Amino acid sequence: MSSRMKHPDSVILVFSKAPVAGEVKTRLVPYLTYEQAAGLHEELTHDRLQMCCDANLCDVQLWCSPDVQHPFFIDCAQRYDIPLQLQSGNDLGERMSHAIKALLGRYKKIIIIGSDAPALDTSTIDEVINALRHNDVVLVPAEDGGYVLLGASKHMNGLLTDVPWGTEDVLADTVRNIRRLDLEYSLYGQCWDVDRPEDLERYKSLKM
């Protein structure tokens with residue numbers, strides 16, 4: 001951990017799937033071809049990694065699925081000088097829980113983001129890290145009922161269980177778990193991610 005970083009006790013985990021055509025961003029098909037959707041996924045992942053590394057807020061890691069051997073991941077590790085970690089678990093909740101538990105001994109604050117929320121900026125991430133000084137969990141909600149960022153300074157079993165991933169109830173059911181576990185939490189702002197054709201148009205406008 002570098003003392004020159006603003007938050008040396010924190011780490012950003014970028015969760016990403018291998019950019020295999022037909023397995024990523026499939027909700028954008030047939031607006032895009034499977035190959036174009038995979039290319040967009042690569043572009044979005046690069047965008048997130050570049051942003052996080054340039055900000056120099058804290059350490060950055062790329063958490064990969066289904067393995068760390070895909071050439072895209074290896075290229076990212078070399079390009080951004082970051083470690084690759086393997087996502088482990090049967091669903092997103094298990095994979096995020098595994099990552100949090102694996103790193104909470106080394107870091108005090110864990111920030112997990114996906115690769116597909118281009119409107120999420122480093123000032124928001126910075127404020128979430130600060131908010132974790134007095135919260136166990138901080139979430140940045142998404143417009144579709146999920147969330148684009150999960151920050152944790154504490155983990156308890158059951159935090160991310162029984163959550164219907166990919167539905168509009170993800171945020172509500174996660175908050176239900178947090179309250180049941182009597183954890184201190186905060187919701188910070190709202191963001192959007194690139195899942196539908198209209199989201200892609202917003203992304204294009206953002207890049208202009």
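One structure accompanies this document, and this report is about it. As the structure is a prediction and not an experimental result, all values here were calculated from the model.

### Structural notes on the packing of helix α1 (residues 34-55) against helix α6 (residues 197-207)
Their axes nearest at 14 Å, the elements α1 and α6 cross at an angle of 45°. If you check the angle between α1 and α6, you find them oblique. Along this stretch, α1 crosses α6, giving a crossing that reads as left-handed. Between α1 and α6, the contacting residues are Leu40, Glu43, Leu44 and Asp47 on the first element and Leu200, Tyr203 and Lys207 on the second.

### A look at α6
A turn of α-helix holds 3.6 residues, and therefore any two residues three or four places apart point the same way. Three or more residues of α6 are buried, namely Asp199, Leu200 and Tyr203. Taken down its axis, α6 places every buried residue within 100° of arc, on the same side. Elements in contact with the buried residues of α6: α1.

### Some words on the pairing of strand β4 (residues 109-113)
Of all five residues in β4, five are buried; the element is thus mostly enclosed. Burial along β4 is two-sided: the residues Lys109, Ile111 and Ile113 and Ile110 and Ile112 are all buried. Of the pairings in the sheet, the one linking strand β1 (residues 10-17) to β4 comprises five bridges and is parallel in character. Bridge pairing in β4 places Val14 opposite Ile113. Direction of pairing for β4 relative to strand β6 (residues 147-152): antiparallel, over a ladder of four bridges. Across the sheet, the residue bridging to Ile113 is Leu149, located in β6.

### Notes on helix α3 (residues 92-103)
Taking 1.5 Å of rise per residue, twelve residues should cover 16 Å, and α3 covers 17 Å from first to last C-alpha, within 8% of that figure. Along α3, the residues that are buried comprise Gly93, Arg95, Met96, Ser97, Ala99, Ile100 and Leu103. Along its buried surface, α3 packs onto β1, β2 (59-65), β4 and β6. For α3, the N-terminal cap is Asp91; the gap from its side-chain oxygen to the backbone nitrogen of Gly93 is 3.1 Å.

### Things to note about the packing of aromatic side chains
Inspection of every chain in the model, using the stated rule, returns three aromatic pairs. Their ring planes at 10° and their centres at 6.1 Å tell us that Phe15 and Trp63 sit as a pair that is stacked. One end of the pair, Phe15, is in strand β1; the other, Trp63, is in strand β2, with 48 residues separating them in the sequence. Taken together, a centroid distance of 5.9 Å and an interplanar angle of 55° make the contact between Phe72 and Phe73 tilted. According to the relative accessible area criterion, Phe72 is buried, its value standing at 6%. A residue is classified by how much of its surface remains accessible, and Phe73, at 0% relative accessible area, is buried.

The rules we used
- Throughout this description, residue numbers start from 1 for each chain and increase along the sequence as written.
- Residue-level local features of this predicted model are given only where pLDDT is at least 70; pairs of side-chain atoms are given and counted only at 80 or more, and the full residue set underlies all totals for whole chains, interfaces and linings.
- Just so you know, side-chain values use all the structure's heavy atoms and leave hydrogens and water out.
- To obtain an axis, a line is fitted to C-alpha atoms, over the contacting stretch when the element is a helix, and the angle between two such axes runs from 0 to 180 degrees between their N-to-C directions.
- To qualify as a helix, a DSSP run of H or I must reach at least 4 residues; to qualify as a strand, a run of E must reach at least 2; elements of each kind are numbered from the N terminus.
- Here the word oblique covers every angle except those under 35 degrees (roughly parallel), over 145 (roughly antiparallel) and from 65 to 115 (roughly perpendicular).
- Definitions for this section: a left-handed crossing has its near helix turned counterclockwise from the far helix by less than a right angle. A right-handed crossing has that turn clockwise.
- Contacts are assigned to residue pairs that have any heavy atoms within 4.5 Å of one another.
- Buried residues are those whose accessible area, probed at 1.4 Å on protein chains only, stays under 20% of the maximum for their type, while exposed residues exceed 50% and partly exposed ones sit between those limits.
- The arc refers to the directions leading from the helix axis to the C-beta atoms.
- We call two strands paired when DSSP finds no fewer than two bridges between them.
- Expected helix span is computed as 1.5 Å times (number of residues minus one).
- Any pair of nitrogen or oxygen atoms within 3.5 Å is treated as a polar contact; in protein, a donor-acceptor pairing is required on top of that, and neighbouring residues in sequence qualify only through side-chain atoms on both sides.
- Aromatic pairs are defined between Phe, Tyr and Trp rings, using the six-membered ring for Trp, whenever the two ring centres lie within 6.5 Å; interplanar angles under 30 degrees are classed as stacked, those over 60 as edge-to-face, and all others as tilted.

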